[in-house]
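Residue-level structural notes
What follows is each chain in one-letter form.
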Amino acid sequence: ISDVKVKEIASLWAGMGSVYCITAAGAKIKPQSIVAKRVQLPSRCDSIGDQRKKDSYDVETAFYQKGHAQRLISAGCMVPFPLHVEHRGEGVTICMTKLEGHSSHPQGYEAFV
């Protein structure tokens, strides 16, 4: 690998993190991209909204950690394959394969792909 590019492709609810596309390339390999979601939760969820957001991210983390994505992929569904899930402090990082395709969102947001 001789070149790595990181591009923020979306921000999360209430500024609780970001979604990045990370692309690595080299002289003898074609560029490969993954998606990394970094969620930074507040130390205390003082509102119902913050608690709902935290619960949503907890469910998403469990989806990738507990093999649900792999089961859907095995059944033929188009779901990102989890590459790495890590809890650290008040945050979580989820790295997954990038699904190919184009967004149907009117503003073309890549995170919906």
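Data block above holds the structure.
So, here is what we can say about the structure in this document. It should be emphasised that the depicted structure is a prediction, and the values quoted were computed from it without experimental measurement.

When helices and strands are counted, the chain shows two helices and five strands. When the elements of the chain are put in sequence order from the N terminus, they spell out β-β-β-α-α-β-β. Within the chain, contacts between residues separated by at least 24 positions form 34% of all contacts whose residues are at least 6 apart in sequence. Carbon together with sulfur atoms contributes 55% to the accessible area of the chain, which is approximately 7600 Å² in total.

Now for the side chain of Thr93. In this structure, Thr93 sits in strand 5 (residues 91-97). On the basis of relative accessibility, which here comes to 17%, the residue Thr93 falls in the buried class. A polar side-chain atom of Thr93 sits 3.1 Å from a polar atom in the side chain of Arg38. Once residues within four sequence positions are removed from consideration, Thr93 is found in contact with Lys37, Arg38, His84, Val85 and Glu86.

The final tally for this structure, using the stated rule, is two aromatic pairs. Centroid distance Phe63 to Tyr64: 5.0 Å. Interplanar angle 85°. Geometry classified as edge-to-face. Judged by relative accessible area, Phe63 falls into the partly exposed class, the value being 24%. On the basis of relative accessible area, Tyr64 is assigned to the buried category, the value being 8%.

One ladder, built from nine bridges, connects strand 2 (residues 17-26) with strand 3 (residues 29-40); its direction is antiparallel. By the bridge assignment for strand 3, Ile22 is matched with Ile34. From the end of strand 2 to the start of strand 3, which pair antiparallel, there are two residues. Relative to strand 5, strand 3 runs antiparallel, the two sharing seven bridges. Paired with Arg38 across the two strands is Thr93, which belongs to strand 5.

On to the pattern of salt bridges, then. For the structure on display, the rule yields five salt bridges. Salt-bridge contacts for Lys5 lead to Asp3; the nearest nitrogen and oxygen are separated by 3.3 Å. Overall, Lys5 belongs to the exposed group, its relative accessible area being 54%. Linking Asp46 and Arg44 is a salt bridge whose minimum nitrogen-to-oxygen distance equals 3.1 Å. By the burial criterion, Asp46 is exposed, and Arg44 matches it.

Calculation criteria
- Residues numbered from 1 in each chain as written.
- Predicted model: local features only at pLDDT ≥ 70, side-chain atom pairs only at ≥ 80, totals over all residues.
- Heavy atoms only, no water.
- Helix = DSSP H or I, 4+ residues; strand = E, 2+ residues; numbered from the N terminus.
- Contact = heavy atoms within 4.5 Å.
- Areas by Shrake-Rupley, 256 points an atom, 1.4 Å probe, with all protein chains shown as cover.
- Buried < 20%, exposed > 50% of the residue type's maximum accessible area, 1.4 Å probe, protein only.
- Polar contact = N/O pair within 3.5 Å; in protein donor to acceptor, adjacent residues only side chain to side chain.
- Phe/Tyr/Trp six-rings, centres within 6.5 Å; stacked < 30°, edge-to-face > 60°.
- Pairing = 2+ DSSP bridges.
- Salt bridge = Lys/Arg side-chain N within 4 Å of Asp/Glu carboxyl O.

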